[in-house]
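So the chains spell out like this:
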Amino acid sequence: MKNKNKTLAAWLAFTVGQLGIHRLYLHGWRDLLAWLHPLAAALGWWGVQRVRQYGQDDQLAWVLVPLLGFTLAATALTAIYYGLMAPEKWNARHNPSAAPGSACGKTNWITMAAVILALLFGTIALMSSIVFSFQRYFEYQVEEARKISQQK
């Protein structure tokens, strides 16, 4: 069994996390969560396509677009988690046969670059998703209140 590199795992989670590649790298082809990542990403991108096609009033897109943002934020958080994990814990979890001072779990400036970028883009994705969700929800509530007030 080959040793798993923490820096590579953090970069995979940050760059192609929505495709589940980081989980395939760490856990292999039988990992169910790795195969669910692309499904969630595809649904989110379908929501973006629906907004482009039908406009922002499409209620299905209200659910799907935030799904995209939340999965982006989750994979960014995963990259941060991997990057900040202590080398001993990393090697115990992913490289049990590695020597105690193995370089596979060490943190370097490349690892920290993945952490910093994941923090930046993950925060943007999460906040954008929250803002989009609340804006759509409150606009919907205002529209429904307007309909009720006009019925009298």
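See above for the structure.
So, a few notes on the structure that sits alongside this text. (Residues numbered from 1 in each chain as written. Predicted model: local features only at pLDDT ≥ 70, side-chain atom pairs only at ≥ 80, totals over all residues. Heavy atoms only, no water.)

Once that is clear, we can look at the packing of helix α1 (residues 6-16) against helix α6 (residues 109-150). Geometry of a packed helix pair, given as the angle between the helix axes and the separation of the axes. Closest axis-to-axis distance for the α1/α6 pair is 9 Å, and the angle between their directions is 20°. Classified by the interaxial angle, the pair formed by α1 and α6 is roughly parallel. In the crossing of α1 with α6, the sense of the turn from one axis to the other is left-handed. Taking contact as the criterion, the partners of K6, T7, A10, W11 and F14 in α1 are, on α6, I110, T111, A113, A114, L117, A118 and F121. Grouping the amino acids of the contact of α1 with α6 by side-chain chemistry returns 9 nonpolar, 2 polar and 1 charged. (Axes fitted to C-alpha atoms, helices over the stretch in contact; angles between N-to-C directions. Helix = DSSP H or I, 4+ residues; strand = E, 2+ residues; numbered from the N terminus. Parallel < 35°, antiparallel > 145°, perpendicular 65-115°, else oblique. Left-handed = near helix turned anticlockwise from the far one by under 90°. Contact = heavy atoms within 4.5 Å. Nonpolar A, V, L, I, M, F, W, Y, C, P; charged D, E, K, R; others polar.)

With that out of the way, let us pick up the nonpolar core. Counting 13 residues, the largest nonpolar core has A9, L26, Y82, W90 and A118 as the members making the most contacts within it. Sorting the residues of this core by element identifies α1, α4 (59-84) and α6 as the ones contributing at least two each. In terms of residue count, α4 provides more of this core than any other element does, 4 residues in total. Beyond its immediate chain neighbours, meaning those up to four positions away, A9 contacts H22, Y25, L26, Y82 and W90. (Core = buried A, V, L, I, M, F, W, Y, C linked by side-chain atoms within 4.5 Å. Buried < 20%, exposed > 50% of the residue type's maximum accessible area, 1.4 Å probe, protein only.)

Enumeration according to the criterion identifies 6 salt bridges in this entry. Measuring nitrogen to oxygen at the nearest pair gives 2.5 Å for the salt bridge that ties R23 to D31. For R23, a relative accessible area of 17% corresponds to the buried category. Under the relative-accessibility criterion, D31 is labelled buried at 12%. A salt bridge links R146 to E143; the nearest nitrogen and oxygen atoms lie 3.1 Å apart. Of this pair, R146 and E143 are both found in helix α6, 3 residues apart, which corresponds to roughly one turn of the helix. Classification of R146 as partly exposed rests on a relative accessible area of 41%. Classification of E143 by relative accessible area gives partly exposed; the value is 35%. By sharing partners, the salt bridges in this structure join D57, R136 and E139 into a single network. (Salt bridge = Lys/Arg side-chain N within 4 Å of Asp/Glu carboxyl O.)

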